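# Chain and residue survey
Chain by chain, the residues:
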Protein chains: 2
Amino acid sequence: MSICVETSIDIALLGCGNVGTAVARLAALAADQPVTILGALVRDPNRPRDIPVPPNVTSDPAHLLASNPSVIVELLGGTEPARQLVLEALERRIPVVTANKSLLARHGAELREAAARAGVPVLYEAAVLAGVPFLGTFARRPFAADASSLTGIANGTSNFILTRCARDGDSLATALAEAQRRGYAEPDPRNDVAGIDAAEKLAVLLQHFASLDVHPDAIETQGIDLLMDLQTAHARELGGVIKPIVHADWTSALEAFVGPAFLPATHALARVDDVENALLLGTARGRLLFQGPGAGADVTAAAVLDDVREIGAGTAPSAARVLRGCRPDSPETEWLITLESGRLPRAADVADLLSAYGVFTHRATPRRSRDGRESQSLLVWPVGRLQLERALDALRGAAGCAASAIRALGAAA
Amino acid sequence: MSICVETSIDIALLGCGNVGTAVARLAALAADQPVTILGALVRDPNRPRDIPVPPNVTSDPAHLLASNPSVIVELLGGTEPARQLVLEALERRIPVVTANKSLLARHGAELREAAARAGVPVLYEAAVLAGVPFLGTFARRPFAADASSLTGIANGTSNFILTRCARDGDSLATALAEAQRRGYAEPDPRNDVAGIDAAEKLAVLLQHFASLDVHPDAIETQGIDLLMDLQTAHARELGGVIKPIVHADWTSALEAFVGPAFLPATHALARVDDVENALLLGTARGRLLFQGPGAGADVTAAAVLDDVREIGAGTAPSAARVLRGCRPDSPETEWLITLESGRLPRAADVADLLSAYGVFTHRATPRRSRDGRESQSLLVWPVGRLQLERALDALRGAAGCAASAIRALGAAA
C-alpha cells in the first residue's frame, strides 16, 4: 500500500567527507519530503566544512545515536568502526542506509542477521553501481530476480583507465595518471587497480542475487595493474577490447572471477566506456542489462537519499535473507594469452605445445616486432586456470618466452 | 519497513488468454508466498482451457468482484470494459495490477485519480518493457527519477523485423512474415508496425517520468510499415542502423516522436536486437540504460506476479500522481532523407536546393542504380518536421524524384 509521509525524516551521518557533504547539499533540495540532518560523526569536529554544519557534529558515536535519528547513514568506509556502529544502531532498531561495500562484503551475513532480529531494513543501493537503482528492485521481485549468472563492470576507475588505453592509445601509466588528475583514482590507487574494490562489490552482488556469503579474498582476483600495454593493442587486433570484469555463475556450483578480460566487440559490455558501470544479469526469462554513471559523490548521495526516503515511506525491502557460506570455483573460460620474447618459437610449435596440455588456439594476432622483441596474442578455447597455468609454464620452459594470460568472454556471456 | 506476509494473496484475473494462463502456471511456483487464483473473467466460461481451471470461471464481472480478491489482475487489453472494471475495483478499494498499456495511455489520469481517492495502488510494470523492472523503482526514488528525456525501443515486434532487415538482409515483407510465423506479430500486425503500440507505451512512460498526460494520438507517430528496403541498405552505408524508436525530451517544452529512426553504430541502442527492448533515460546525474527481453507471455506474467507480491508485501509504490495535460511538440532532429528516381538530379543541385530551405547535408551515401532507378540517402543536420517537409516538397517538385525521410539521432541522444 502507498504510505504518504509528510513529516521530516531525521538522519544521522556516520562520516562527513565528500559523500556526506553531497548528502547534506542534496537533502536540502528534497522539498516534498524534508530530510533533516540531526548530526554527523566526524574525526575532528572543529575542522571547517563546506556544508551548512548540522547542529550536532561530534566525534562521539554514543552522543549521535542518542539523538534519536529515524535513519543512520553510514559513510565511514572500511570495516571498523563502521561494523560496530551499524550493529549498535540495529540493536536500537534504527534502520541503516550504507554505501559501504567493504563492510557488506566482509560482514554482510552478520548485518543481515542483526537486521532480521531487529526487524528493520538495511539498504545499500549506493554500495554497488550507485548510479543505477536495481538492488532494491530485485530484493522485492522474486520472479525478476530469478538469476543464475552475472557479468559486470563495477569499478569505474579501472574502466576509465582501460578505456583510455583502448580508445585513446594511452599507456596504462599515462591513463592512471590521468585518472588521478581527474580525481577518479586515489593517490594510492591499489584498491581500485588491484581489483579489491571490484571483488568486494561482487561479494555484495552474490549476497543479493544468490544468497551466498563469499569472502571477497576467496574470489580469483586479478588487477588491471598487471596488464601490459601490448595486450591492449593485441585485443584490438582480435576485434575486441579489455574491460575490468566481475563475473559469477551459480547455475550449479558457484564460479567467479574478477579481473581484466577480453571481450569481443559484440559483447554487451564492450562499449561501456569511461567511468560508466554496468551489470548483465542472466535470468530465467532472459538477459537484463543495467548501465549508468560510475559513482561520484553526487551519484552516491542521490542513491543514499532515495534509500532514506524509501525507509521513510515504508517501501524498503528487507535485507534479512539467510546467506549460505560458499567458496567459489575458478571457472572455465576462454583466455587471451600473450607471448613476448627476443625471438618467439614458430607459431605451429606454440600451438602444438599448448594443445599437448589441452589448450587449443582458435585465433591469433599477427606477430609484432618492436624494440627487438617479438610479441603475439592468442585466443584459446575454454579451460580452467590450473590447466592454463600448466600450459603456460611448459611454454615458458620449452620456448624461453614470457607468457601471460587474462580471461576472455564470448559474445554471449 | 519490511513486512512479512505468509498468508496467501488471492487474485482475480480479468481475462484468461496467453498471459492469464502463464500467470496461473507461474503462480503455482511461488512456494514461499502462495498466490491463489480465486477466479477469472472470460468471454466463454465453457471453452476448454490449458490451465488448472480456477474455481470461479465466469463471464459475469459482478460475480468475480464479489469473491473478495485482494488484488485484481487486469489482462483484458483495450480500453473497455477494462476501464469500467478497473474503476469499479478501485472504488471497492481493491488494488489493481495491469499489463494494459492502452488503458493506461488513454485513461491513466482517471485511473490514478481513482487510485488516489481509494488509497490503493495500481501497478503496471508489465505494461511497458515488462522484462525489465524499473517503473516501480523510479516511482519510489525521486532523486534517481530526476529525468528530463528518454529514448527507447519499446516494441519488440518492430525491432525483430528491423533487425532481420539490417542483419540478415531480409526485405521488410519477408521479415514481417517471419515475425508472424514465430508468433511475434499478429495476423493483423498494424498495432505494432504502424507504431500504435509504441506511442501508447511512450504515453505511459511520460505519465510515469514526466507526470504528463499526453494522448498517444497526439504524438508524432510513423510506422515501420512505410520504410523502403533500400533505406536499410543506405543506413548501413552511412555506418548505422534503423531502429523503432520512442523519444521524448521535456527539459523545457515536451517534444516527442515515435518511429523508425537512423542511429549511428555507436548509439547505445544501436545493438539492441531481435525482440529485445531498452530504455535510455537522461537524468540529472547521468544517462541510464535498461535493456531486457521483449514481452512474451512468460515475461509479462512474471512482471504481473511480482507486482502482485509487492502489493502483498506492502512495498508497492503509489501511482497516485497528478498529471498535467500536455500536447507534445515535434522535435528538431537530424534526418535520413532518401531519394529515388529514374535519374536523380546532380548531388550538388540537391544539396543547394535543400540548403535554400535551411536543410544542410552532412553525409551522403554513394548513388546506387538498380532496376533502372537511382537512389541515394543523405543525413542532414537537425531541423523540425515542417521545415523538412517544405524542403522535401520543393525537391520533389523541382527534381521530379521520390523523396522520403525518417528521423536520425546522434550518438549521444
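Higher on the page you've got the structure.
So, here is what we can say about the structure in this document. What you see is a predicted model; the values in this text were computed from it and never measured. (Residues numbered from 1 in each chain as written. Chains lettered and ligands numbered in written order. Predicted model: local features only at pLDDT ≥ 70, side-chain atom pairs only at ≥ 80, totals over all residues. Heavy atoms only, no water.)

### Focus on the packing of helix H6 (residues 156-168) of chain A against helix H7 (residues 172-181) of chain A
Residues and elements named next belong to chain A. Where H6 contacts H7, the two axes come as close as 9 Å, and the packing angle between them is 130 degrees. The angle between the axes of H6 and H7 places the two elements in the oblique class. The interaxial crossing formed by H6 with H7 has right-handed handedness. Between H6 and H7, the contacting residues are Phe-160, Ile-161, Leu-162, Arg-164 and Cys-165 on the first element and Leu-172, Ala-175, Leu-176, Glu-178 and Ala-179 on the second. For the contact of H6 with H7, the class distribution of residues is 8 nonpolar, no polar and 2 charged. (Axes fitted to C-alpha atoms, helices over the stretch in contact; angles between N-to-C directions. Helix = DSSP H or I, 4+ residues; strand = E, 2+ residues; numbered from the N terminus. Parallel < 35°, antiparallel > 145°, perpendicular 65-115°, else oblique. Left-handed = near helix turned anticlockwise from the far one by under 90°. Contact = heavy atoms within 4.5 Å. Nonpolar A, V, L, I, M, F, W, Y, C, P; charged D, E, K, R; others polar.)

### With respect to helix H7 (residues 172-181) of chain B
Residue and element names in this part refer to chain B. Looking at H7, one finds that the buried residues are Leu-172, Ala-175, Glu-178 and Ala-179. Axial view of H7: buried residues confined to an arc of 125 degrees, hence all on one face. Structural note: H7 exposes Ala-173 and Arg-181 on the side pointing more than 90 degrees away from its buried face. Each element contacted by the buried residues of H7 is listed here: helix H6 (156-168) and helix H10 (229-237). (Buried < 20%, exposed > 50% of the residue type's maximum accessible area, 1.4 Å probe, protein only. Arc of directions from axis to C-beta.)

### Observations concerning the interface of chain B and chain A
Taken together, the contact between chain B and chain A spans 45 residues of the former and 46 residues of the latter. Around 4,000 Å² of area is buried between chain B and chain A when both sides are counted, 57% of it from carbon and sulfur atoms. At the junction of chain B and chain A, the tally comes to 6 salt bridges. Across the salt bridge formed by Arg-141 of chain A and Glu-310 of chain B, the nearest N and O atoms sit 2.8 Å from each other. Ranked by the residues each element gives to the side of chain B that touches chain A, the list is headed by helix H11 (residues 297-313) of chain B, at 10 residues. Of the residues that constitute the side of chain B that touches chain A, the class distribution is 22 nonpolar, 11 polar and 12 charged. One ladder, built from 3 bridges, connects strand E13 (residues 286-292) of chain A with strand E13 (residues 286-292) of chain B; its direction is antiparallel. If you follow Phe-290 of chain A over to E13 of chain B, its bridge partner there is Phe-290 of chain B. (Buried area = accessible area lost by both parts, 1.4 Å probe. Salt bridge = Lys/Arg side-chain N within 4 Å of Asp/Glu carboxyl O. Pairing = 2+ DSSP bridges.)

### Some points on the packing of helix H3 (residues 82-91) of chain A against helix H4 (residues 101-118) of chain A
Residue and element names in this part refer to chain A. At a closest axis distance of 9 Å, the pairing of H3 and H4 adopts a crossing angle of 15 degrees. The angle between H3 and H4 places the two elements in the roughly parallel class. Helix-helix and strand crossings are classified by hand; for H3 and H4 the assignment is right-handed. Contact residues: H3 offers Ala-82, Arg-83, Val-86, Leu-87 and Leu-90, while H4 offers Leu-103, His-107, Glu-110, Leu-111, Ala-114, Ala-115 and Ala-118. A breakdown of the residues in the contact of H3 with H4 according to their chemical character gives 9 nonpolar, 1 polar and 2 charged.

### Focus on the environment of Asp-329 of chain A
Residue and element names in this part refer to chain A. For Asp-329, the location among the structural elements is in the loop between strand E14 (324-325) and strand E15 (333-341). Remark: the alpha-carbon pair of Asp-329 and Phe-257, spanning 72 residues in sequence, is separated by 8.6 Å. Among residues more than four places away in sequence, those in contact with Asp-329 are Ala-253, Leu-254, Glu-255 and Ala-256.

### A closer look at helix H1 (residues 18-27) of chain B
Residue and element names in this part refer to chain B. Most of H1 sits out of view: 7 of its 10 residues are buried. Looking only at H1, the buried set comprises Gly-20, Thr-21, Ala-22, Val-23, Ala-24, Leu-26 and Ala-27. Those residues of H1 hidden inside the fold are in contact with strand E1 (9-14), strand E2 (35-41) and H11.

### Focus on the relation of the copies chain B and chain A
For the pair chain B and chain A, the relating rotation is 180 degrees, the translation along its axis is 0.0 Å, and the fit reaches an RMSD of 0.0 Å. Viewed as a symmetry operation, the transformation between the two copies matches a two-fold axis. Rotation axis and chain B: the residue whose C-alpha lies nearest the axis is Thr-315 of chain B, separated from it by 2.1 Å. Most of the interface of chain B is mirrored in chain A, where 100% of its interface residues are also at the interface. (Least-squares fit on C-alpha atoms with pLDDT ≥ 70 in both.)

### A few points about the pattern of salt bridges
Oppositely charged side chains may form a pair once their charged atoms are brought near each other. Taken as a whole and judged by the stated rule, the model has 52 salt bridges over all chains. Notably, a salt bridge pairs Arg-167 of chain A with Asp-168 of chain A, separated by 3.4 Å at the nearest N-O pair. The shortest N-O distance in the salt bridge between Asp-188 of chain A and Arg-190 of chain A comes to 2.7 Å. Given a relative accessible area of 42%, Asp-188 of chain A falls into the partly exposed group. Arg-190 of chain A sits in the exposed class, given a relative accessible area of 52%. Three or more residues joined by partner-sharing salt bridges are found here, namely Arg-140, Arg-141, Asp-307 and Glu-310 of chain A together with Arg-140, Arg-141, Asp-307 and Glu-310 of chain B.

### So, the packing of aromatic side chains
If you walk through the whole model with that rule in mind, you get 11 aromatic pairs over all chains. Ring geometry for Phe-134 of chain B against Phe-290 of chain B: centres 5.5 Å apart, planes inclined by 20 degrees, an arrangement best described as stacked. A residue pair is termed long-range when its members are at least 10 positions apart, and Phe-134 of chain B in the loop between strand E6 (122-123) and helix H5 (135-140) and Phe-290 of chain B in strand E13 qualify at 156 residues. Take Phe-134 of chain B: its relative accessible area is 0%, and that puts it in the buried class. Overall, Phe-290 of chain B belongs to the buried group, its relative accessible area being 0%. Grouped by ring-pair contacts, the aromatic residues Phe-134, Phe-138, Phe-209 and Phe-290 of chain A together with Phe-134, Phe-138, Phe-209 and Phe-290 of chain B constitute a single cluster. Note that Arg-407 of chain A overlies the ring of Phe-257 of chain A, its terminal NZ or CZ placed 5.0 Å from the centroid. (Phe/Tyr/Trp six-rings, centres within 6.5 Å; stacked < 30°, edge-to-face > 60°. Lys NZ or Arg CZ within 6 Å of the ring centre and 35° of its normal.)

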